[in-house]
Amino acid sequence: IPLSHIRNFSIVAHIDHGKSTLADRLIQSTHTVADRDMKEQMLDSMDIERERGITIKAQTVRINYTADNGEDYVLNLIDTPGHVDFAYEVSRSMRAVEGSLLVVDSTQGVEAQTLANVYHALDADHEIVPVLNKIDLPASECDRVAEQIEDVIGIDASQAIRVSAKTGVGIKETLEAIVHRLPAPKGTLDAPLKAMLVDSWYDSYLGVIVLVRIIDGQLRKNERIRFMQNGSVHHVDRIGVFRPAMTEIDVLGPGEIGFLTASIKQVRDTRVGDTVTHEKKGTDKALPGFKPAQPVVFCGLFPVDAAEFEDLRDSIEKLALNDASFSYEMETSAALGFGFRCGFLGLLHLEVIRDRIEREYDIDLITTAPSVIYDIHMKDGSVTQLHNPADMPDLTFVDHLEEPRIKATILVPDEYLGDVLKLCQDRRGIQMDLTYAGSRAMVVYDLPLNEVVFDFYDRLKSVTKGYASFDYQMIGYRTDALVKMSILVNDEPVDALSTMVHRDRAETRGRAMVEKLKDLIPRHMFKIPIQAAIGGKVIARETLSAMRKDVTAKCYGGDASRKKKLLEKQKAGKKKMRQFGSVNIPQEAFISALKMD
Ligand code: GDP
Ligand code: MG
């Protein structure tokens, strides 16, 4: 295919603005998929993605389109994830294409993820075609939203295409705009092979499937290729394209996007951003390296039923095969037994993995409090990373702690601005910027990630009735007065409930936690003290009173000595229970106790 007849593009949008629906219409109207095989959300393949309406892995589809000028074009669409946790995946797949459709819901306007994603596209030097979607709805306000795109993003929106991805209005215009307004890719056919590794995932039949964008040269089946980062050499079993079903073809040339398989066993062996070339006569210039995505949120996953530990290990290993950004290691907890400490890109990533383990592998899980990574600067000058508050070293050896901070961008209608500012302030935020775009305010805050990972997003949605949108990026580490707060239930520390908190807030937080736990833990036959402590010092305390079962009630007055004997027996029983510290802490307590409202 001549380069002049290829167009590579992505669609960027805030969640729910219609990216998947628009992709469906583009696929359908070009007869890429036979009508009888067409289903909704063609590109969102995993069940969870479908249910939650989010795309996690970058998906791609090749569309053949005969334009109004009579020429045949090949359009490659890469569908990128639409959530903050996967910002890294967005930015890397953007580098594989030359242009973007910027989809904005014309009943809503620009949102925080519209901004975040369009900045990724601008970083990758994309040509951008604005698309105003949902014009079939009465609340659609195309002129206002076009103006907002110009004001807030600073790109020309006078030629924005007005579309209803639902009814199909404007789809033809969108296809013509892709051909005429987006640039063709550049590349050299007779240069050594240079391909960008865009994404990879595990398939149980084919092994690892590698998505590549050919920059220069050609790739054929049965050739020997080399991954330049680790020098590993592989024999190519097949190459092909997605329509969106995998279709084998003979050759991939410059500007094309397709897949290869080469009997590769682990996703970890295929580093995203790597350069693929031929084993012999390959290029010696690798593409500028990408840094791999690093987990930022850690939590413990334990089976509710200890007998399911091996099943849990199995499921985690399988999921990790397909997700190089998810990390895990074994962990033991006094309260919860054997489990795993896992690292995630963010809370959504955590939820997705947890859901998959529960659903696809049918294992009930206890999830411990999510934590970020702290840098501990020791008095001897060394620095260690703390992934789990339970591992906090003795304070006498610690000089200071540093915590990760983020730059959060929040877009919110005027009337909720006050609540948002208060929320950010409560979470130790430092205001960096406040501007207006029409009736919406855009606030930028510097916030500790630790205050955000837990329930910030939920709180933000609830104080703004769902009208705020949010996006963030990491901006580095900073010192603050952080301490480890332990929770003691029945005088025993419950390591899974340990958290890092700011010293000034420890007491309030501690009190809130013990009060919550008092409601969450069912009454036992004995009374249970619930305490929050820093070091050896108790800062908050509640007592869960015993369930009083009066065993003498059955004795109808009767013999006094028998009554006495029974009461003594009851007391001994209580003592035994206390001694073993056998308190039942329900699963939901581990998460609910930490929610701050
Ligand atoms: P995504 O999160 O950006 O992929 O958004 P989806 O494509 O999943 O769309 C979100 C919701 O908006 C779905 O319920 C769609 O049916 C609906 N939707 C998408 N496009 C249109 C449109 O043009 N008109 C109307 N009325 N609804 C639409
Ligand atoms: Mg979608």
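From a predicted model like this one, the values you see are computed outputs, not experimental measurements.

Let us now look at helix H5 (residues 142–153). Between its terminal C-alpha atoms H5 stretches 16 Å, which fits the 16 Å expected from twelve residues at 1.5 Å a residue. Buried residues of H5: Cys142, Val145, Ala146, Gln148, Ile149, Val152 and Ile153, and no others. The buried residues of H5 all sit within an arc of 160° when viewed along its axis, so they share a single face. Turned more than 90 degrees from where H5 packs its buried face, Asp143, Glu147 and Asp151 sit exposed. Where H5 is buried, its residues contact strand S4 (99–105), helix H4 (112–123), strand S5 (127–133), strand S6 (161–162), strand S24 (430–437) and strand S25 (440–448). Within two residues after H5, Gly154 carries a phi angle of roughly 80°, on the positive side.

Right, let's get into the sheet that holds strand S8 (residues 207–216). With respect to topology, eight strands assemble into an open sheet ordered S11-S10-S16-S7-S8-S15-S12-S13, the strand pairing being antiparallel. Lying at the two open borders of the sheet, with one neighbouring strand each, are strand S11 (233–235) and strand S13 (246–248). Neighbour to neighbour, the strand axes of the sheet diverge by 40° on average, direction disregarded. Bridge count for strand S7 (residues 194–203) against strand S16 (residues 275–278) is two bridges, and the pairing is antiparallel. Residue pairing across strands places Ala195 opposite Val276, the latter belonging to S16.

Here we take up the nonpolar core. One recurring pattern in soluble globular proteins is that nonpolar side chains are buried together. With 49 residues, the main nonpolar core has Ile357, Ile410 and Phe456 as its most contacted residues. Ranked by residue count, the leading element in this core is strand S23 (residues 398–413), at six residues. Not counting residues up to four positions away in its chain, the partners in contact with Phe456 are Ile410, Leu423, Cys424, Arg427, Leu447, Glu451 and Phe470.

A few words now on the site of ligand 1. In the vicinity of ligand 1 lie 17 residues, with Asp16, Lys19, Ser20, Thr21 and Asp136 positioned nearest. The separation between a nitrogen atom of ligand 1 and a polar side-chain atom of Asp136 is 2.7 Å. Contact with the protein chains covers 78% of the free accessible surface of ligand 1, which is 580 Å². It is helix H1 (residues 19–29) that contributes the most residues to the shell around ligand 1, three residues altogether. Class assignment of the residues belonging to the shell around ligand 1 gives a composition of three nonpolar, nine polar and five charged.

With that settled, consider the packing of helix H9 (residues 417–426) against helix H11 (residues 456–463). It is at 9 Å that the axes of H9 and H11 come closest, and there the two elements cross at 155°. Here H9 is positioned roughly antiparallel relative to H11, judged by the angle of their axes. Viewed along their axes, H9 and H11 form a crossing whose handedness is right-handed. Every residue of H11 that contacts H9 at Asp419, Val420, Leu423 and Cys424 is listed here: Phe456, Arg459, Leu460 and Val463.

Spatially, the six strands line up as an open sheet ordered S2-S3-S1-S4-S5-S6, and their pairing is mixed. The sheet is open, and its two edges are formed by strand S2 (59–66) and S6, each paired on a single side. Pairing analysis gives eight bridges linking S2 to strand S3 (residues 72–79), with the strands arranged antiparallel. The residue bridging Thr60 from the neighbouring strand is Ile78, located in S3.

As a further point, take the environment of Gly536. Position of Gly536 relative to the elements: it lies in the loop between strand S30 (528–534) and strand S31 (537–544). Sequence spacing of Gly536 and Gly418 is 118 residues, and the spatial spacing of their C-alpha atoms is 39 Å.

The rules we used
- Residues numbered from 1 in each chain as written.
- Chains lettered and ligands numbered in written order.
- Predicted model: local features only at pLDDT ≥ 70, side-chain atom pairs only at ≥ 80, totals over all residues.
- Heavy atoms only, no water.
- Helix = DSSP H or I, 4+ residues; strand = E, 2+ residues; numbered from the N terminus.
- Expected span 1.5 Å × (residues − 1).
- Buried < 20%, exposed > 50% of the residue type's maximum accessible area, 1.4 Å probe, protein only.
- Arc of directions from axis to C-beta.
- Contact = heavy atoms within 4.5 Å.
- Pairing = 2+ DSSP bridges.
- Axes fitted to C-alpha atoms, helices over the stretch in contact; angles between N-to-C directions.
- Core = buried A, V, L, I, M, F, W, Y, C linked by side-chain atoms within 4.5 Å.
- Near = heavy atom within 4 Å.
- Polar contact = N/O pair within 3.5 Å; in protein donor to acceptor, adjacent residues only side chain to side chain.
- Areas by Shrake-Rupley, 256 points an atom, 1.4 Å probe, with all protein chains shown as cover.
- Nonpolar A, V, L, I, M, F, W, Y, C, P; charged D, E, K, R; others polar.
- Parallel < 35°, antiparallel > 145°, perpendicular 65-115°, else oblique.
- Left-handed = near helix turned anticlockwise from the far one by under 90°.

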